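Inside the fold
If you want the building blocks of each chain, they are given just below.
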Amino acid sequence: MITQRQNDILSIVIELFTQTHEPVGSKVLQNYIASSSATIRNDMAALEKIGLLEKAHTSSGRLPSRQGFQYYVSHLLNFERIDEDDAYQVIKGFDFEFFKLEDLLQKASDLLAELTGCTAVALDVEPSNQRLSAFDIVKLSHHDALAVMTFDDSNTVTSQFAIPKNFLDEDLATLSGLVHERFLGQTVMEIHYRIRTEIPQIVQRYFKTTDNVLELFEHIFKEMFVEKPFLAGKENLLKFSDDQIYRFFDKTQELALEIRQLLQEDKPYAIRLADEKQTGLTSLTQLSYKFLIPYRGFGSLSLFGPVTIDYQRAFSLLGIVSRVLTMKSADFYRYLSSNHYEVN
């Protein structure tokens with residue numbers, strides 16, 4: 001069983017090591033632990049024996065082991081600690097005028113990458129939970145048109161399509177009318193279900209040839225499942241991973257799926273330590289943190305780095321950025337839903 005003093009020693013060794021990347025000796029620990037050097041050495045030896053510390057080859061100091069990092073994040077990490085200097089930097093960084101939610105999410109990733117030296121990814125509310133709030137078709141030429149879909153009054157998705165040869169302008173208007181009648185206010189998953197079940201029967205009432213109409217519905221609305229991760233600090237990956245991982249971050253849909261698979265519905269955060277025996281994202285340490293987007297649901301912030309990442313500062317920053325994002329997005333949606341025009 002680990003004593004309280006041993007817990008304190010392990011915490012201090014890890015926090016000092018993640019800041020300096022140098023072995024920590026008993027003399028340094030005496031500045032933080034009210035015990036003799038001999039007592040501290042005995043406790044460090046005990047922690048080494050159970051695999052939480054490792055002996056450095058070049059000095060008498062100790063390094064945290066991977067098992068030690070795992071114990072630290074599971075038992076000793078303070079998720080509520082806030083660094084005042086970092087809070088100031090974050091609040092200062094968000095002091096800008098924005099008109100789109102995606103600008104806010106990108107700023108969050110930029111700040112996290114800049115302040116941690118890691119790779120940061122912000123995700124909006126999961127697409128399947130978003131609701132279609134507006135839809136329009138813009139005719140680009142006699143042959144092409146653009147479907148413009150807005151989800152949750154903020155997330156705009158476009159899908160260009162070829163107009164079927166037998167389509168008239170009235171047919172495009174009919175298609176748009178069906179979308180307004182059947183899909184507006186529905187979630188992406190509900191729309192997907194209705195395309196599979198209701199639409200094949202309904203289009204028969206309005207169109208002579210239904211095959212191209214059904215294909216058109218499939219084509220237009222396949223874009224609503226596409227995620228757009230807001231990525232920053234990708235070049236930082238080259239400091240603690242390989243080219244394969246670097247290229248994986250270009251696969252935005254797979255990246256978003258990996259992040260969501262780690263986060264559980266009933267927990268606000270998740271941690272996965274890098275495992276050298278594995279491949280893919282498991283070779284990176286991932287810290288993910290949910291944040292509330294009022295009126296819509298939860299987004300997420302993630303940091304990717306080495307196993308020696310400064311966990312305490314990283315989670316402090318994730319917490320600060322999450323709080324600011326929630327406040328800023330609440331203001332944004334209040335602005336969207338307010339009446340901006342006076343009627344005489």
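Residues numbered from 1 in each chain as written. Predicted model: local features only at pLDDT ≥ 70, side-chain atom pairs only at ≥ 80, totals over all residues. Heavy atoms only, no water.

Brief notes about the confidence of the model for the chain
- Residues with a pLDDT of 70 or more make up 96% of the chain, whose mean pLDDT is 91.
- Segment residues 339-344: pLDDT under 50, and one contact once partners within four positions in sequence are set aside and those in other chains are kept. (pLDDT = per-residue confidence, 0-100. Contact = heavy atoms within 4.5 Å.)

Section: the environment of Phe249
- By the secondary structure assignment, Phe249 is in the loop between α12 (243-248) and α13 (252-262).
- In this structure, the C-alpha to C-alpha distance between Phe249 and Gly61, residues 188 residues apart in sequence, is 37 Å.
- Other than its neighbours up to four places away in sequence, Phe249 contacts Thr119, Val121, Leu231, Lys234, Leu237, Leu255, Leu281, Leu284 and Phe304. (Helix = DSSP H or I, 4+ residues; strand = E, 2+ residues; numbered from the N terminus.)

Points about the pairing of strand β10 (residues 297-305)
- Where burial is concerned, most of β10 is hidden: eight out of the nine residues are buried.
- Sheet analysis places strand β3 (residues 119-123) next to β10, joined by five bridges and oriented antiparallel. Residue pairing across strands places Leu123 opposite Ser300, the latter belonging to β10. (Buried < 20%, exposed > 50% of the residue type's maximum accessible area, 1.4 Å probe, protein only. Pairing = 2+ DSSP bridges.)

Some remarks on the sheet that holds strand β5 (residues 144-151)
- Read across the open sheet, the three strands follow the order β4-β5-β6; overall the sheet is antiparallel. Each edge of the open sheet is held by one strand with a lone partner, namely β4 (132-139) and β6 (155-162). For this sheet the average axis-to-axis angle between neighbouring strands, irrespective of direction, equals 15°. (Axes fitted to C-alpha atoms, helices over the stretch in contact; angles between N-to-C directions.)

A few points about helix α3 (residues 37-49)
- Look at α3: 18 Å from first C-alpha to last across 13 residues, which is about the 18 Å you get at 1.5 Å a residue.
- When we look at burial in α3, the residues that qualify are Ser37, Ile40, Asp43, Met44 and Leu47. Each buried residue of α3 sits inside an arc of 125° when the element is viewed along its axis, so together they form one side. Opposite the packed face of α3, turned more than 90 degrees from it, sit the exposed residues Asn42 and Lys49.
- Those residues of α3 that are buried lie in contact with α1 (4-20), α2 (26-29), β1 (53-55) and β2 (62-64).
- In the segment just after α3, Gly51 is the residue with positive phi, at about 90°. (Expected span 1.5 Å × (residues − 1). Arc of directions from axis to C-beta.)

So, the sheet that holds strand β8 (residues 269-272)
- Here five strands make up an open sheet; going across it, the order is β7-β3-β10-β9-β8 and the pairing antiparallel. Each end of this open sheet is capped by a strand with a single partner; those strands are β7 (230-232) and β8. Ignoring which end each strand starts from, the neighbouring axes of this sheet average 15° apart.
- With three bridges joining them, β3 and β7 adopt antiparallel strand pairing. Paired with Ala120 across the two strands is Ala232, which belongs to β7.

Notes on the nonpolar core
- Of all hydrophobic cores here, the largest spans 59 residues; its most connected members are Phe94, Leu301, Tyr311 and Leu325.
- Two domains each put at least three residues into this core: domain 1 (4-76) and domain 2 (84-126 + 227-339). (Core = buried A, V, L, I, M, F, W, Y, C linked by side-chain atoms within 4.5 Å. Domains from an automatic or database assignment.)

A short note on the environment of Leu292
- Note that Leu292 resides in strand β9 (residues 285-293).
- On the accessibility criterion, Leu292 (37% relative accessible area) is partly exposed.
- If sequence neighbours within four positions are ignored, Leu292 has contacts with Gly297, Phe298, Thr326 and Ser329.

Some thoughts on the packing of aromatic side chains
- If you walk through the whole model with that rule in mind, you get 16 aromatic pairs.
- Seen in terms of ring centroids, Phe183 and Phe221 are 5.2 Å apart; in terms of plane orientation they differ by 90°. Their pairing is edge-to-face. In this pair, Phe183 sits in the loop between α7 (169-182) and α8 (188-197) while Phe221 sits in helix α10 (residues 211-221), placing the two residues 38 residues apart along the sequence.
- Taking 5.2 Å as the distance between ring centres and 80° as the angle between the ring planes, the aromatic pair formed by Phe332 and Tyr333 counts as edge-to-face.
- Tyr333 gets classed as buried once you look at its relative accessible area, which sits at 6%.
- Three or more aromatic residues joined by ring pairs make a cluster, and in this case those are Phe79, Tyr269, Tyr289 and Phe315.
- Just above the ring of Phe96 sits the side chain of Lys107; from NZ or CZ to the centre is 5.4 Å. (Phe/Tyr/Trp six-rings, centres within 6.5 Å; stacked < 30°, edge-to-face > 60°. Lys NZ or Arg CZ within 6 Å of the ring centre and 35° of its normal.)

Some points on the domain arrangement of the chain
- Structurally, the chain comprises domain 1 (4-76), domain 2 (84-126 + 227-339) and domain 3 (130-222).
- Its C-alpha centre places domain 2 at a distance of 33 Å from the equivalent point of domain 3.
- Contacts between the two partners involve eight residues from domain 2 and, on the opposite side, five residues from domain 3.
- When the buried area of domain 2 at its contact with domain 3 is split by residue, Arg296, Tyr333 and Leu336 rank highest and sum to 58% of it.
- For the pair domain 2 and domain 3, the number of links is one salt bridge.
- The salt bridge partner of Arg296 is Asp152, with a shortest N-O separation of 2.8 Å.
- Inspection of the domain 2/domain 3 interface yields three residue pairs in polar contact (both at pLDDT 80 or more).
- It is helix α14 (residues 311-337) that contributes the most residues to the side of domain 2 that touches domain 3, three residues altogether.
- Tallied by class, residues from the side of domain 2 that touches domain 3 come to five nonpolar, no polar and three charged. (Buried area = accessible area lost by both parts, 1.4 Å probe. Salt bridge = Lys/Arg side-chain N within 4 Å of Asp/Glu carboxyl O. Polar contact = N/O pair within 3.5 Å; in protein donor to acceptor, adjacent residues only side chain to side chain. Nonpolar A, V, L, I, M, F, W, Y, C, P; charged D, E, K, R; others polar.)

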